[in-house]
Amino acid sequence: MYWYHPHLHGSAAIQMWSGMLGLLYVGKHTLEKELQKYNVRNTHEFVIWDPAFQYVPNQPTHDLEVDEFLLGQTTLSKIHPFLVNGQINPTFTTKVGQVLHFHALCATVENENTFIVYPEGKQHLHDQAKIVPFYQIGSDGVMYSKPIKRNVIVMSGGQREELLLIFDKPGRYVISQQGIQGMQFFGMRGHPHDQILATIVVTEELNDDDKKKEEVVRPTVPIPSMTFTPGYTDEESVQPENIQSSETITFSMGANFDQIPFPQYYINGHSFSSSRSQFHAQPNEAREYVLINANHNAHPFHMHVNRFQIKEMGSELSREEYPVLNELLDFDENIWRDTVMVPPNGRARIWVQFKNYTGKTVIHCHFLAHEDTGMMATLFIGKKDWIFQLEEHYQWMMGVGIGICLSCLVMYVSRCCLGRQRNLLKKNNMNDEDDDVLYSAVSLNELKSKAMD
């Protein structure tokens, strides 16, 4: 499963915050056939989205409206419900023993969230024993060969998950978002607040009479025994000896409020410029990138076109204060992704296997307001032609050009000054010659003769 959204730099956040996004399936039939082989047929999309709202009393038709863009985030005075498929707390139905399959997309603009399943009413206990486990079978459009059992996953903007859920008791269950408060944005509590994403109603398994009328709902094999066609084989995993080079990518921020009333974000100290290629790679080579998050601020790193494997994650934050960090830092280095949450005050080390695509692409933070204010960089894949060779030295060339212009200006001014001095000297010489003629002996005798006459 893939997805799409606008990517106009400077407006990507507000356009997606306004709802401009959608799902895109590539090779969906392969997954459907494999799931149907195991009698997994109860499939739903699960798209998480995070507009902000405000109460508007005394309105005849409604009491809730979309808030000003980002105002609620900065004041923490607004309502921050996560919508699922455009609804607040939608309901999904399944039966005891039936597998419920979710195409899950975290399409949040400015938030990360958790996916935890509890019996209804038990979510406030934060009791691991009450959690209903589920299974991951794919991430970011890449299927695994076998399911991975999870109790909690942390999802950030841009990440996709293929999830399987199964219940052994009837009742009402909830999918809960909780534990992100304070960790995401400089210790600010209440953002995003704990809440229920969706409700699942589980009914009794079909009785014997119903089974004659309807197909059996249970899977043909237990979920842990299922196998799938992997998006990457084990042989395609990046090996240490294949790494060509290692680079550091540092996420940082500034606060020049004379520029815009919102923090500015940078990659390696630079704001985004489409005319500058900060990173280069060659087709079919493997590279290591060390992602550094210098702030107590979450940054989901997203790479276009190519995928990577996560090899290390860590954070300086306290796991006792933020227990959800344990889940965020629980990664499988064999999984291929195109988005990874770089923990606050933390780091991630990834190995990228570049394919045979060439040309310009981008890397950026998938908190889109961070991207729009500068946290994006251009990655050029392929041989550098003379244009890029010049681009790498544009500062030096600009300095040389300015130096030449200044030199020409100095020479021109000097020449003008010298020319003026020569004219003055010439004029003075002419005046001296006139005086010599005026006071010569012949001239004086002529004046004397005129006076006597």
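Residues numbered from 1 in each chain as written. Predicted model: local features only at pLDDT ≥ 70, side-chain atom pairs only at ≥ 80, totals over all residues. Heavy atoms only, no water.

Caption draft 1: Structural detail: the sheet that holds strand β26 (residues 376-381). Strand order in the open sheet made by the five strands is β18-β26-β25-β20-β23, with mixed pairing throughout. The sheet terminates laterally at β18 (277-281) and β23 (339-342), the two strands that pair on one side only. With strand direction ignored, the average angle separating the axes of adjacent strands in the sheet is 25 degrees. Here six bridges tie strand β25 (residues 359-365) to β26, and the two strands are oriented antiparallel to one another. Counterpart to His-364 in the pairing with β26 is Met-376. (Pairing = 2+ DSSP bridges. Helix = DSSP H or I, 4+ residues; strand = E, 2+ residues; numbered from the N terminus. Axes fitted to C-alpha atoms, helices over the stretch in contact; angles between N-to-C directions.)

Caption draft 2: Seen up close, the sheet that holds strand β21 (residues 308-315). Overall, mixed pairing links the six strands, which are arranged β17-β16-β19-β24-β21-β22 in an open sheet. The two strands at the open ends of the sheet, each matched to only one other strand, are β17 (264-267) and β22 (336-337). Of the strand pairs in this sheet, β21 and strand β24 (residues 346-353) are connected by seven bridges, and their pairing is antiparallel. Of the residues in β24, the one forming a bridge with Glu-312 is Arg-349.

Caption draft 3: Up close: the packing of aromatic side chains. Applying the stated criterion across every chain, the model contains 11 aromatic pairs. Measuring from centroid to centroid gives 6.0 Å for Tyr-38 and Phe-228, while their planes differ by 75 degrees, and the two rings are edge-to-face. Taken together, the residues Tyr-38 in the loop between α2 (28-37) and β3 (42-49) and Phe-228 in the loop between α4 (208-213) and β16 (243-254) connect sequence positions 190 residues apart. Using a relative accessible area of 7% as the deciding quantity, one classes Phe-228 as buried. Ring geometry for Phe-46 versus Phe-115: centroids 5.6 Å apart, planes at 70 degrees, classification edge-to-face. Residue Phe-46 is found in strand β3, and its partner Phe-115 is found in strand β9 (residues 113-119); the two are separated by 69 residues along the sequence. Note on Phe-46: relative accessible area 0%, which makes it buried. By way of ring pairs, the aromatic residues Phe-46, Phe-92, Phe-102, Phe-115 and Phe-134 are connected into one cluster. (Phe/Tyr/Trp six-rings, centres within 6.5 Å; stacked < 30°, edge-to-face > 60°. Buried < 20%, exposed > 50% of the residue type's maximum accessible area, 1.4 Å probe, protein only.)

Caption draft 4: Region of the structure containing the side chain of Arg-307. With respect to the helices and strands, Arg-307 occurs in the loop between β20 (299-303) and β21. Asp-338 is the oppositely charged side chain nearest to the buried, salt-bridge-free Arg-307, at an N-O distance of 4.6 Å. Within the structure, Arg-307 has its side chain in polar contact with the backbone oxygen of Asp-140 (distance 3.1 Å). Filtering out sequence-adjacent residues up to four positions away, Arg-307 remains in contact with Tyr-2, Asp-140, Gly-141, Val-142, Arg-160, Tyr-232, Trp-336, Arg-337, Asp-338, Val-352 and Gln-353. (Lys, Arg positive; Asp, Glu negative; His and termini not counted. Salt bridge = Lys/Arg side-chain N within 4 Å of Asp/Glu carboxyl O. Polar contact = N/O pair within 3.5 Å; in protein donor to acceptor, adjacent residues only side chain to side chain. Contact = heavy atoms within 4.5 Å.)

Caption draft 5: Looking closely at unusual backbone geometry. With a phi close to 65 degrees, Asn-58 is a non-glycine residue in the positive phi region. As for its placement among the helices and strands, Asn-58 is situated in the loop between β4 (53-55) and β5 (64-66). Residue Asn-58 is classed as exposed on the basis of its relative accessible area, which comes to 79%. Positive phi, normally seen in glycine, also occurs at Asn-85, with a value near 55 degrees. Note that Asn-85 resides in the loop between β6 (83-84) and β7 (91-95).

Caption draft 6: Just the nonpolar core, in detail. Ranked by internal contacts, the top residues of the largest apolar core, which has 53 residues, are Ile-249, Tyr-289, Leu-291, Phe-301 and Ile-350. For this core, the element with the most residues is helix α1 (residues 12-17), which contributes four residues. Sequence-distant contacts of Ile-350, that is, excluding residues within four places in its chain, are made with Arg-287, Glu-288, Tyr-289, Leu-291, Phe-301, Phe-308, Gln-309, Ile-310, Lys-311 and Val-340. (Core = buried A, V, L, I, M, F, W, Y, C linked by side-chain atoms within 4.5 Å.)

The values reported here are purely geometric and, on their own, carry no functional implication.
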